[in-house]
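# Report on the structure
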Amino acid sequence: MTTADIIAVGSGHNGLVAAAYLAAAGKKVLVLERNAWFGGGVVTRELTRPGFRHDQHSMSHIFIQGNPLLTNDELRLKSRYGLEYIFPQVPMMSVFEDGTTLKLYRDPEKSAAEIAKYSRRDADAFRQVSRQAAAWLPMIASTLYSPPAPVGASNAMLDQSREGRELWRVIQMSTHDHLCELFEHEKVRMHFARVAGENLVSPDEKATAIGVYVFLGFLEAYGFGVARGGSGRLTDALIACIRDHGGEVLASAEVARIRVSNGRATGVETVDGRSFGARDAVIGAIHPHLLGQMIDGMDPTVRAAAEATHITDAACITVHAALDAPLQFRTSERVDAVMVEMLPTSYETLRRDFDELRYHRFTPYPLLGLGSLSQFDPSRVPPGKAILHLWDYVPYRRPDGRSWDEAKQEYADRMLAHLSKFVANIPGVVLERHVDSPVDMERTSPSFRRGDLHGIATSTYQSGAHRPTPDLGQYTIPGLDRFYLVGPFQHPGGGVFGAGRATAMTMFEALGLDFERQGRVK
Ligand SMILES: Cc1cc2nc3c(=O)[nH]c(=O)nc-3n(C[C@H](O)[C@H](O)[C@H](O)COP(=O)(O)OP(=O)(O)OC[C@H]3O[C@@H](n4cnc5c(N)ncnc54)[C@H](O)[C@@H]3O)c2cc1C
C-alpha cells in the first residue's frame, strides 16, 4: 500500500489548491484523479482537431482574481509556476437579435456611455450601482476565500447598521425586482438579468439580486482573467507546485471508498482495488449526493440532508468548435468581449425561457452565451484560425424521452442555427465540433451532477455556512475525523474561486500548522 500524509480525491482546481498549500507546508501529498487527464472543470484539451485548444468547461477565471492565492501569489503560481492572465477591457457584452449591443467595460464611465445609448437615466443609475458594487466588494470578497462565518452571526452583523440592512434587503430580492427598481429600459434590465442566468437561475428567483453587485464589483476591480494558453494552465501551475514540493498527482485512479478507522479517515481504495493510506488526512471532491455511498457509517441524518440538496433545473450544454476563421458578427459594433450573450429583443422572452426550464421543458428561445478566446490568446489555435465555446440551458431529462447521447448533435444544430442569426459566417466557418450534453458534463466530473455546473443550486438556503447543508458547511463531516471537503457544492460555490484555500485553512488548524507562515511558497 502506498502511503502519503495527505490524500486528495480528485484533481479539480479546488482539490489541487488545498493539496498545494499542504505540500508547501511540508506535507507529502498524493492526488488521485479518476479521469485520464487532470483539472476537472479547469481543463484545456484538443477536443476537435490538433492545434485547437478548447477550455472544456470554465473559460474565464473571474472570482479567483480576488483570492490571496493570486493577489499575494501565495503559492507562487504566477512568479514561479508559469500562470499568466490576460485581462480584456470588455469582460462581458450583450448582442441583441436586432443587431444592437451593450458592452460592460472595466471602466464604469465607458459602460455608462454604452447604457446611455438606451437611457440616460439608466446610465446615471448604473454609475450608482457601480459605486455601490465597489463599496460592497471588499466586505464580500473577504468572505469568499476562508471558511464561512455562521449564518446567524452574519445576519446579526448586517442588522447592526443601515448599510448592512440595505445589503440584506438586496440579498433577499429577486434580480428582476431589483433591476426594475434600478433601470427603466428593457434591454438594460435584460443585460443584467442575464448575469443571474449565468448562475443557472431565473432573474425571477428570490434572493439573487446581490449577484449583480458581486459580478460588477469583480468585473470592474479585477476584470475577467483569460489564462494564457488556456484555462488548464491554472491546473498545470498547481500540479507543478505540488510536484516541486515532493507531491504526486496520479491519473486514472478512481476512488471507490474512503477508508475509516475508529471514526477517522485513514486512506482510500480505488475501483481497481488499489489501496492508499493517509497518515494525516483525506481531502474529497465528493458531491453531497454521493458521500454516503463512499463513506461507511455516515450519520443517517447527515447523509439524508446531503442527498436532499437541490440541483438546479437549468442544466448546461456546450458546443466547442474549431473555426476556419474568426466569427463575423452581424453588428456594427466590434464584438470583443470575453463573454458574449445572444439575447432576444424582448426581456419577457428571457424570463419565460427560465419558466420553461422550471417545468423541465426546452426553452422556446435558445439562451446562447459564447466565448471565442483565441481573439485574445492566439496561442490556442493555428495561425488565422479561431475557437468557439457556445453554451445553452436545457432540461437534464429530455421531455421527449430521448437520450442526450442520441439527441445532442441535433440540439447542437439548433444552437448553431440560432447563432447564425447573430453571426454571419456560422455554420460555414465550423471545421469540426465537440458537444457536451448535461450527461457528458456529469461524466467528466461528478461535481457537475445532472449538468449543474455549480454542483448544487446556488440558492440562499444552500449558501455560505449552509452550503451544501448546515452539517457540511465547514468542509467537514460530523462524526468523521480528518476528512475535508472541496468542490463547487461547498462555500463559496461554483466557479473558479480557488476555494480549496478555505479547506486548507481548516486543515491547517486541525493539523496544528500555521497557515499564515507555512501556507506559502518561499
Ligand atoms: C460547461 C462549464 C462551464 C463553466 N464555465 C465557467 C467559467 O467560465 N468560469 C468559472 O469561474 N467557472 C465556470 N464553470 C464552473 C467551474 O468549472 C467549476 O465550478 C469548478 O471547476 C469546480 O472546481 P472543483 O475543483 O471544485 O471541482 P471539479 O472541477 O469538478 O473537480 C473535481 C475532480 O474530482 C474528480 N473526482 C471526483 N470523484 C472522484 C473519485 N471518486 N475518484 C477520483 N477522482 C474523482 C473529478 O473527475 C474532477 O476532476 C463552468 C463549469 C462548466 C461545467
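Structure: see above.
We now turn to the structure provided with this report. Please read these numbers as outputs of a predicted model, since none were measured by experiment.

Counting residues in hydrophobic clusters, the biggest one holds 65 residues, and the most contacted among them are Phe-183, Phe-192, Ile-210, Tyr-213 and Phe-218. If one sorts the elements of this core by residue count, helix 4 (residues 120-141) sits on top with 9 residues. Judged by nonpolar contacts, the second largest core, of 43 residues, contains Ala-25, Val-31, Ala-237 and Ile-283.

Taken together, 36 residues surround the ligand, and among them Glu-33, Gly-41, Ser-445, Ser-447 and Val-496 come closest. In this structure, an oxygen atom belonging to the ligand sits 2.7 Å away from a side-chain N or O atom of Ser-447. Within the backbone of Val-496, a nitrogen or oxygen atom sits 2.7 Å from an oxygen atom of the ligand. Across the complex, the protein chains shield 94% of the 1,000 Å² of accessible surface that the ligand would expose by itself. Taken together, the elements giving at least two residues each to the shell around the ligand come down to helix 1 (13-24) and helix 15 (438-444). The class makeup of the residues in the shell around the ligand is 14 nonpolar, 19 polar and 3 charged.

Looking now at the packing of aromatic side chains. Inspection of every chain in the model, using the stated rule, returns 15 aromatic pairs. Here Phe-96 and Tyr-118 contribute two aromatic rings whose centre-to-centre distance is 6.3 Å and whose plane-to-plane angle is 75°, an arrangement assigned as edge-to-face. With Phe-96 in strand 6 (residues 92-96) and Tyr-118 in the loop between helix 3 (108-116) and helix 4, this pair connects stretches of sequence that are 22 residues apart. The buried category is assigned to Phe-96, whose relative accessible area is 1%.

Attention shifts here to the sheet that holds strand 6. Taking strand neighbours across the sheet as the criterion, the 7 strands line up as 7-6-14-15-16-13-17 in an open arrangement whose pairing is mixed. Each of the sheet's edge strands pairs with one partner strand only, and the pair in question is strand 7 (101-104) and strand 17 (430-436). Adjacent strand axes in the sheet meet at a mean angle of 20° when their direction is disregarded. One ladder, built from 9 bridges, connects strand 13 (residues 315-323) with strand 16 (residues 386-394); its direction is antiparallel. Among the inter-strand pairings, Thr-318 is bridged to a residue of strand 16, identified as Trp-391. With respect to the sheet, helix 14 (residues 404-419) is in contact with strand 13, strand 14 (339-343), strand 15 (369-371), strand 16 and strand 17, its orientation differing from that of strand 16 by roughly 110°.

Most of strand 13 is tucked away: 9 of the 9 residues are buried. By the alternation rule, side chains of strand 13 split into Ala-315, Ile-317, Val-319, Ala-321 and Leu-323 and Cys-316, Thr-318, His-320 and Ala-322, which are all buried. Note that strand 13 and strand 17 share 6 bridges and pair antiparallel. Bridge pairing links Ala-321 to Arg-433 in strand 17.

Definitions and limits used
- Residues numbered from 1 in each chain as written.
- Predicted model: local features only at pLDDT ≥ 70, side-chain atom pairs only at ≥ 80, totals over all residues.
- Heavy atoms only, no water.
- Core = buried A, V, L, I, M, F, W, Y, C linked by side-chain atoms within 4.5 Å.
- Buried < 20%, exposed > 50% of the residue type's maximum accessible area, 1.4 Å probe, protein only.
- Helix = DSSP H or I, 4+ residues; strand = E, 2+ residues; numbered from the N terminus.
- Near = heavy atom within 4 Å.
- Polar contact = N/O pair within 3.5 Å; in protein donor to acceptor, adjacent residues only side chain to side chain.
- Areas by Shrake-Rupley, 256 points an atom, 1.4 Å probe, with all protein chains shown as cover.
- Nonpolar A, V, L, I, M, F, W, Y, C, P; charged D, E, K, R; others polar.
- Phe/Tyr/Trp six-rings, centres within 6.5 Å; stacked < 30°, edge-to-face > 60°.
- Pairing = 2+ DSSP bridges.
- Axes fitted to C-alpha atoms, helices over the stretch in contact; angles between N-to-C directions.
- Contact = heavy atoms within 4.5 Å.

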